[in-house]
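Spelled out, the chains give:
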Amino acid sequence: MGKGGQDYGRRETRTSDLEIFPAWAKEVAECEKKYKVDRNRGLTNEEVEKQRQIHGWNELEKHEGPSIWSLILEQFNDTLVRILLVAAIVSFVLAWLDGNEGGEMEITAFVEPLVIFLILILNAIVGVWQESNAEKALEALKEIQSEHAMVIREGKPIPSLPAKELVPGDIVELRVGDKIPADMRVLNLISSTFRVEQGSLTGESEAVNKTNKVVPEDADIQGKKCMVFAGTTVVNGNCFCLVTQTGMNTEIGKVHSQIHEASQSEEDTPLKKKLNEFGEALTAIIGVICALVWLINVKYFLTWDYVDGWPRNFKFSFEKCTYYFEIAVALAVAAIPEGLPAVITTCLALGTRKMAQKNALVRKLPSVETLGCTTVICSDKTGTLTTNQMAVAKLVAVGPTADTMRTFKVDGTTYSPFNGRIHDWPAGHMDANLQMIAKIASICNDASVTQSGHQYFANGMPTEAALKVLVEKMGLPEGFNDRSSSGSSDVLRCCQRWSVIERRIATLEFDRDRKSMGVIVKSSSGRNLLLVKGAVENVLERSTSIQLRDGSIVKLDQNSRDSILRALHEMSTNSLRCLGFAYKEDLYEFATYNGDEDHPSHELLLKPSNYSSIESELIFVGLVGLRDPPREEVHQAIEDCRAAGIRVLVITGDNKNTAEAICREIGVFGPKEDISSKSITGKEFMDLRDQKKHLSQSGGLLFSRAEPRHKQEIVRLLKEDGEVVAMTGDGVNDAPALKLADIGIAMGIAGTEVAKEASDMVLADDNFSTIVAAVGEGRSIYDNMKAFIRYMISSNIGEVASIFLTAALGIPEGLIPVQLLWVNLVTDGPPATALGFNPPDRDIMKKPPRRSDDSLISAWILFRYLVIGLYVGIATVGVFIIWYTHDSFLGIDLRGDGHSLVTYSQLADWGQCHSWEGFTASNFTAGAQVFSFDTNPCDYFQAGKVKAMTLSLSVLVAIEMFNSLNALSEDGSLLTMPPWVNPWLLLAMSVSFGLHFLILYVPFLAQVFGIVPLSLNEWLLVLAVSLPVILIDEILKFVGRCTRRFNKSATRKSLKPKAD
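Quick caveat, the model's predicted, so the values are computed rather than measured.

Asks: Could you give an account of the pairing of strand β28 (residues 725-729), naming the residues involved and the relevant values?
Replies: Counting buried positions along β28 yields five of five residues, so the element is predominantly enclosed. Alternating residues of β28 divide into V725, M727 and G729 and A726 and T728, and every residue in both groups is buried. Bridge count for strand β13 (residues 376-379) against β28 is three bridges, and the pairing is parallel. Looking at β28, one finds that I377 is bridged to A726. By the bridge criterion, four bridges tie β28 to strand β29 (residues 743-747) in an arrangement that is parallel. Paired with A726 across the strands is I743, a residue of β29.

What follows is the structure, given as structure tokens:
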């Protein structure tokens, strides 16, 4: 890191103490005096060192990101993760103690803690990887900085000084193609014009003409015409500039700071917040249940006698205490849906694939879910709502008389000559006036259009490229021999034909004073012509004649001027950018000019000050109106947003009139709507006393001439008001707001790398309608996630009920932690993931967005799943008791394995087995294994419970598979939404059953999980106990539907008298 980085805090304080010098509002001489520099000599080496001591190096700071250890620790700052961690540590300690106290130190005892640790490690790795990508936007920002600069120091030019060595006061020469190395004040122009492409910083859709004239001190960044900014690019001309700000004090440095600040305040997604709340509630529930289990069973490990009414002779059994502690750990494992993070990640990943097919590339997985509850979309105008491709919208030609104008509407929104047509066009019968317009638009033009696949791109100025596309749509006049392009597939064949007929021999470059460009051409007849295009008022002012439709030329009188100005005013009020066309036949000294430098007139072309006099006494021929047109599909997308209850706010760096016209056209505002309170500039917004009141207005809003800080403030205030904000952008200026928004959406084609790195999602086609499609997909994904979250939580409620009933009844443990972990992670995983493929509702984009604080589970749904959970507990514990106490159930014979039957009271009092007289247990078979209890009959309730445990586990798995069918719809019956609407779920159920068979019938796995194979009759018992879960939930769904219908009808009846 350079000195500037090392001294960042100290230097920033010093800079803030210094009053910022408004160089844009001061004359050049005053700026030179302030920085104690002569433009011809530059700074001395001593002055450079002095300035560097104050301002540091000209580079962006490298903010130290969080250390790898702090990132790892942060991953455990989650309630569910902490519960799992405690459960894993306790399991590990208990397994170790069992081994040391004479038990077998088997690997199976450590499976549970090892699996939990593995889950936590994988979770931490994913989290750290995501966090470490957070600062990529700042690195991308550094890449757009210039590396070298042409500087004058001590009277000598230094052609390639490293840009980081620049200091305020340096004199820099800028040329075409240069990347500007610092914020600088323009001293003087060497060329007649100097244009800079600064759209990535300011949001302007066109290159900006720069001057050395002062502007008001309170001018916004777009209005500082005498300033050039670091990171922008020179597209035309060259000039000398004075460095005024370097490093973090430049405009791009401010953006860098804003991105860093925004990245520090990133919030959890709505779903993450809900899951955190669920985790906290779960902690409390687990604590209460564990305490209850402890209290219920305290009599088994702590006993005492009463002497004189007081408890005496306490006896404590560490072995029993440890056993019930293990039950508490099993409860924790049962209550936590360990597979939930993995299933959510899988569902979001599948969602990203669907979105990628719709041109929305998701960079951060949680943003898929956040999209579903978006309430406000803050959209940039240029390139998102519009095509960012200039196109001619109107062509105005002269009629049969000087005061009549012909207007042609031109369709098309791209640079493709085949996109759109000219209405009422005399194809092949172009009159002389239209031919002259085509000739000027084609030849007085330095741009070109190229094709790549199905895309067309402009090379050069967008307005000029649009004119060439217009010429192609106009076609060629009748009788023109298209020899130049016969058999050619050239995009601009008409333009090429005109350039053959009229050969260009000289160019009068555009400048800001005369606001026009001219070319001298030699026609095929040998005669020289001057063709001119430029600002309509300027071209009209220098015109003395007008060409009529038939080619005749008459004097340009006041009536003719008024007709032209009326057409100009009409187009300008519709925010069209207008260009006028004219030509000159009598060129006097240029009549014989052939482009030769030795010609006497050539000297006149070397001085731009002569161009105005050369372009005089012109013949006016017509004008065109151009614009950056809205995308064709945007209007419908805005309507979809309105139907979905999503507000659209347009925030652009472009001027107010242009933005308002586009907003009316695409439907953000109505055609006749009064928008005086809804359309303001960024500066006006910052001056409002009650900004939140302005933002809370219904319908769309427009903010024009917006700077990065304005965008950030709008996003911040919206979020404070509880809105879920999606922000689009493509430029460097958009990056801080993209980072701050709930969903940052960058443009894939026109977007800068800075914007892409700061975003959560990238649009491959830069299209606003893609955002709306992605919102619909996000809503569908959230609905599906709710389905599998409900499913997994209901399964866990069942597991908790099972363990609680086991402890409450005092019977042997029916499910051990490693089995519960297998069910939660593996068996439940495929059905939960498959629920993510549920088809979306047809009216998904007709509903208002859900509130970010809406609960995942309503009170009725919770009641339903408590009932289901209670049944799961009864079924799993019940089948355990049935095996021990019954030889048959519902006509199913259970005597096949030869096991002994006991009474329920014996099973509930199994801990006292050693005191029973004459108790014996017969041997029984399970698969190829024989279990013998000759030496210790009481082991029948420990090692002998393996068959009963297997039945309990199998019932749990079967019930959860059938319960996944219940989760297909929140309240729809399986009769109306049958299982085959989601074939993936049927496949997933097959996979889960297959995995369960695997651990049952592969001996090694059966040993790990403490289970044995089941016979056919035992499987019939499992199905008989499991299937009722579908019937129970169908009854509960029916009750829910009836209750909702009753409530709706009651609401209607209560509203009807009011209406009457």
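There is more to say, and it comes next.
Asks: So what about the pattern of salt bridges? Which residues, and what values?
Replies: Applying the stated rule across the entire model yields 27 salt bridges. With its nearest N and O atoms 3.2 Å apart, the salt bridge here joins E49 to R52. Of this pair, E49 and R52 both sit in helix α4 (residues 45-55), three residues apart, which is roughly one turn of that helix. We classify R52 as buried; its relative accessible area is 7%. Salt-bridge contacts for D893 lead to R895; the nearest nitrogen and oxygen are separated by 3.1 Å. Residues joined by salt bridges that share partners form a network here, namely K692, E713, R716, E720 and D721.

Asks: Describe the state of the cysteines, and please don't skip the residues or the numbers.
Replies: As used here, a disulfide is simply a covalent bond connecting the sulfur atoms of two cysteines. Tallied over the entire structure, the rule returns one disulfide. Each disulfide pairs two cysteine sulfurs, and for C913 the partner residue is C938, the sulfurs being separated by 2.0 Å. A torsion of -90 degrees about the S-S bond marks the disulfide between C913 and C938 as left-handed. One end of the pair, C913, is in the loop between α33 (904-908) and β33 (924-926); the other, C938, is in the loop between β34 (929-931) and α34 (946-966), and 25 residues separate them in sequence. Using a relative accessible area of 3% as the deciding quantity, one classes C913 as buried.

Asks: Explain a nonpolar patch on the surface to me, and be specific about the residues and the numbers.
Replies: A surface patch of nonpolar side chains, amounting to about 580 Å² of accessible area, comprises W860, F863, L1031, I1035, F1038 and V1039. Where the nonpolar patch is concerned, the elements lending two or more residues are α32 (859-885) and α38 (1028-1059). The greatest single-element share of the nonpolar patch, amounting to four residues, is contributed by α38. Note on placement: F863 falls in helix α32.

Asks: Report on the packing of aromatic side chains, specifying residues and quantitative values.
Replies: Evaluation of the coordinates by the stated rule reveals 19 aromatic pairs. Centre to centre, the rings of F919 and F941 are 5.8 Å apart; their planes meet at 20 degrees, and the pair counts as stacked. With F919 in the loop between α33 and β33 and F941 in the loop between β34 and α34, the pair connects residues that are 22 residues apart, well separated along the chain. What makes F919 buried here is its relative accessible area of 15%.

Asks: Report on the confidence of the model for the protein, specifying residues and quantitative values.
Replies: On average, residues of the protein score 81 in pLDDT, and 85% of them are at 70 or above. Per-residue pLDDT stays below 50 along residues 1-17; that stretch engages in 25 contacts with residues further than four places along the chain or on separate chains. Within the model, the stretch residues 101-105 combines pLDDT values under 50 with seven contacts to residues more than four positions away or in other chains.

Asks: Just give me the short version of the packing of α34 against helix α37 (residues 1016-1026), but keep the residues and values in it.
Replies: The angle between the axes and the distance between the axes are what describe a pair of packed helices. At a minimum axis separation of 9 Å, α34 and α37 run at an interaxial angle of 45 degrees. It follows that α34 is oblique to α37 by the angle criterion. In this structure, α34 meets α37 at a crossing whose hand is right-handed. Within the contact between the two elements, α34 uses K947, L951, S954, V955, A958, I959 and F962 and α37 uses E1018, W1019, L1021, V1022, L1023, V1025 and S1026. Of the residues contributing to the contact of α34 with α37, the split by class is 10 nonpolar, two polar and two charged.

Asks: How would you sum up unusual backbone geometry? Please name residues and give values.
Replies: Within the chain, Y588 stands out as a residue other than glycine whose phi angle is a positive 50 degrees. Considering the arrangement of structural elements, one finds Y588 in the loop between β23 (577-584) and α20 (602-605). Residues other than glycine seldom take positive phi values, yet L890 does so here, at roughly 55 degrees. Take L890: it is sitting in the loop between β31 (888-889) and β32 (892-893). Residue L890 is classed as exposed on the basis of its relative accessible area, which comes to 65%.

Asks: Which residues make up the nonpolar core, and what values do they have?
Replies: F768, Y884 and Y940 are the most contacted members of the largest nonpolar core, which has 118 residues in total. Taken domain by domain, this core gets at least three of its residues from each of domain 2 (360-386 + 631-766) and domain 4 (781-839 + 857-1050). Beyond its immediate sequence surroundings of up to four residues, Y884 is in contact with S900, L901, V902, L907, Y940, F941, G944, K945 and A948. Formed by 54 residues, the second largest nonpolar core is a distinct cluster that contains W24, V48, V215 and A758.

Cut-off values and rules
- Residues numbered from 1 in each chain as written.
- Predicted model: local features only at pLDDT ≥ 70, side-chain atom pairs only at ≥ 80, totals over all residues.
- Heavy atoms only, no water.
- Buried < 20%, exposed > 50% of the residue type's maximum accessible area, 1.4 Å probe, protein only.
- Helix = DSSP H or I, 4+ residues; strand = E, 2+ residues; numbered from the N terminus.
- Pairing = 2+ DSSP bridges.
- Salt bridge = Lys/Arg side-chain N within 4 Å of Asp/Glu carboxyl O.
- Disulfide = S-S within 2.5 Å.
- Patch = residues over 30% accessible without salt bridge, like charges linked within 9 Å, V, L, I, M, F, W, Y side chains within 5 Å.
- Areas by Shrake-Rupley, 256 points an atom, 1.4 Å probe, with all protein chains shown as cover.
- Phe/Tyr/Trp six-rings, centres within 6.5 Å; stacked < 30°, edge-to-face > 60°.
- pLDDT = per-residue confidence, 0-100.
- Contact = heavy atoms within 4.5 Å.
- Axes fitted to C-alpha atoms, helices over the stretch in contact; angles between N-to-C directions.
- Parallel < 35°, antiparallel > 145°, perpendicular 65-115°, else oblique.
- Left-handed = near helix turned anticlockwise from the far one by under 90°.
- Nonpolar A, V, L, I, M, F, W, Y, C, P; charged D, E, K, R; others polar.
- Core = buried A, V, L, I, M, F, W, Y, C linked by side-chain atoms within 4.5 Å.
- Domains from an automatic or database assignment.

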